[in-house]
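Summary of the model geometry
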Amino acid sequence: MDMNETLGLSFHPKVTDVVSQSHYNVSMRFYQTDEFTDLITTFPHEVDLHGSLHLQLKVESDDTNLQILVEQCKASPSLEETEKGYSIIQHGCPLDSTLQNHPVPDQRMKQYSFHVFKFNPFQEVYLFCNVIICHNQTAPNRCTQGCITRRYRRDVSNAKLGSAQLSQGPIVLKSGAQLPNSQAGGSVPSMVLVAVIVAMAFLSAMGLMIQRRYYRRPGDSQPLISSY
């Protein structure tokens, strides 16, 4: 047997995908497709380069008068490094251009889909969401208000039954997959680089033309300054 041996261990911190609130639980789940039938139970969860994440948030209760509002959803490269976060939903308003809200008949549930992205040079993505729980008997309440813009935030109703902070992940790209331009910290797109190079070449050509005209007399093909 070898005298020395190197061992490696991959550790993933525990996420908070279920929060208990008195007589009900609030859950946060990922699914394989937008049909929300194939639950993802194994993490890290690998996704394709141009794939989508399918997210469901739900208050698990027999009380059909409950409703939820996803106040905020934010992605981060780790459970601790939240300053590098990328906001997907804020104040109930969608911020990510790829976010799709799937209508559901049950107001105790929200279902979303959005495109995969990564934080360079990090390999993992975690998702954090704040969920507000309301009761229909308190309407109008924060859940019925929905998206609140900066202009109307002072008029936000505080009527709510409870809230929960949830997390899920990590999500990683499949081996060998690279994102040419991530939504959160990626490199400059190649089309932009090409445009910059073309612009620089055009300006250089214009500068040479102006310089040649400056050092010539009108109607004379010989240089104004000649060497002896």
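Residues numbered from 1 in each chain as written. Predicted model: local features only at pLDDT ≥ 70, side-chain atom pairs only at ≥ 80, totals over all residues. Heavy atoms only, no water.

Per an unreviewed UniProt entry, the chain goes by the name CUB and zona pellucida-like domain-containing protein 1 and belongs to Xenopus tropicalis.

Regarding the overall build of the chain
Of regular secondary structure, the chain possesses 2 helices and 11 strands. Traced from its N-terminal end to its C-terminal end, the chain shows the element sequence β-β-β-β-β-β-β-β-β-β-α-β-α. With 228 residues in all, the chain has 35% of them scored as buried. Counting contacts in the chain only where the partners sit at least 6 residues apart, residues at least 24 apart contribute 70% of the total. Of the accessible surface of the chain, which amounts to about 15,100 Å², a share of 53% is contributed by carbon and sulfur atoms. (Helix = DSSP H or I, 4+ residues; strand = E, 2+ residues; numbered from the N terminus. Buried < 20%, exposed > 50% of the residue type's maximum accessible area, 1.4 Å probe, protein only. Contact = heavy atoms within 4.5 Å. Areas by Shrake-Rupley, 256 points an atom, 1.4 Å probe, with all protein chains shown as cover.)

Some remarks on the nonpolar core
The biggest cluster of nonpolar side chains holds 34 residues, and the ones touching the most others in it are Val26, Leu55, Leu57, Ile88 and Leu127. Among residues more than four places away in sequence, those in contact with Leu57 are Ser27, Met28, Ile68, Val70, Arg108, Met109, Lys110, Tyr112, Cys129, Val131 and Leu166. (Core = buried A, V, L, I, M, F, W, Y, C linked by side-chain atoms within 4.5 Å.)

Digging into the pattern of salt bridges
Applying the stated criterion across every chain yields a total of 4 salt bridges. Here Arg29 and Asp17 are joined by a salt bridge, their closest N and O atoms 3.2 Å apart. Taken together, the residues Arg29 in strand E2 (residues 24-31) and Asp17 in the segment before strand E1 (18-21) connect sequence positions 12 residues apart. Among the salt bridges present, the one from Asp106 reaches Arg108, with a minimum N-O distance of 3.0 Å. Residue classification places Arg108 among the buried residues on the basis of a relative accessible area of 14%. (Salt bridge = Lys/Arg side-chain N within 4 Å of Asp/Glu carboxyl O.)

So, the packing of aromatic side chains
The final tally for this structure, using the stated rule, is 4 aromatic pairs. Pairing Tyr31 with Phe36 gives two aromatic rings, centres 5.6 Å apart and planes at 65°, and the pair type is edge-to-face. In this structure Phe36 comes out as buried when scored by relative accessible area, which is 9%. Through a chain of ring-to-ring contacts, three or more aromatic side chains come together here, namely Tyr86, Phe117 and Phe119. (Phe/Tyr/Trp six-rings, centres within 6.5 Å; stacked < 30°, edge-to-face > 60°.)

Concerning unusual backbone geometry
Following Ala139, the chain continues into Pro140 via a peptide bond in cis, with omega recorded as 0°. The linkage connecting Gly169 with the following residue, Pro170, adopts the cis geometry, with an omega of 5°. Within the secondary structure, Pro170 is located in strand E11 (residues 162-173). For Phe36, which is not a glycine, the phi torsion comes out positive at approximately 55°.

A closer look at the environment of Gln111
As for its placement among the helices and strands, Gln111 is situated in strand E9 (residues 109-115). A relative accessible area of 11% means that Gln111 is categorised as buried. Sequence separation between Gln111 and Asn101 is 10 residues, and the spatial gap between their C-alpha atoms is 6.2 Å. Not counting residues up to four positions away in its chain, the partners in contact with Gln111 are Phe36, Leu55, Gln56, Gln100, Asn101, His102 and Val104. A distance of 2.8 Å separates a polar atom in the side chain of Gln111 from a polar atom in the side chain of Gln56. (Polar contact = N/O pair within 3.5 Å; in protein donor to acceptor, adjacent residues only side chain to side chain.)

Side note on the state of the cysteines
Linking two cysteines covalently via their sulfur atoms produces the bond known as a disulfide. On inspection of all chains with the given rule, the structure shows 3 disulfides. Between the sulfur atoms of Cys93 and its disulfide partner Cys147 the distance amounts to 1.8 Å. Linking Cys93 and Cys147, the disulfide has an S-S dihedral of approximately 95° and is accordingly described as right-handed. Of this pair, Cys93 sits in strand E7 (residues 93-94) while Cys147 sits in the loop between helix H1 (142-145) and E11, and the two are 54 residues apart along the sequence. Assessed through its relative accessible area of 39%, Cys147 is described here as partly exposed. Between the sulfur atoms of Cys134 and its disulfide partner Cys143 the distance amounts to 2.1 Å. Taking the sign of the S-S torsion, 80° for the link of Cys134 and Cys143, the bridge is right-handed. Under the relative-accessibility criterion, Cys134 is labelled buried at 0%. In this structure Cys143 comes out as buried when scored by relative accessible area, which is 9%. The connectivity of the disulfide bonds within the chain can be written as 1-3, 2-6, 4-5, using the sequence rank of each bonded cysteine. (Disulfide = S-S within 2.5 Å.)

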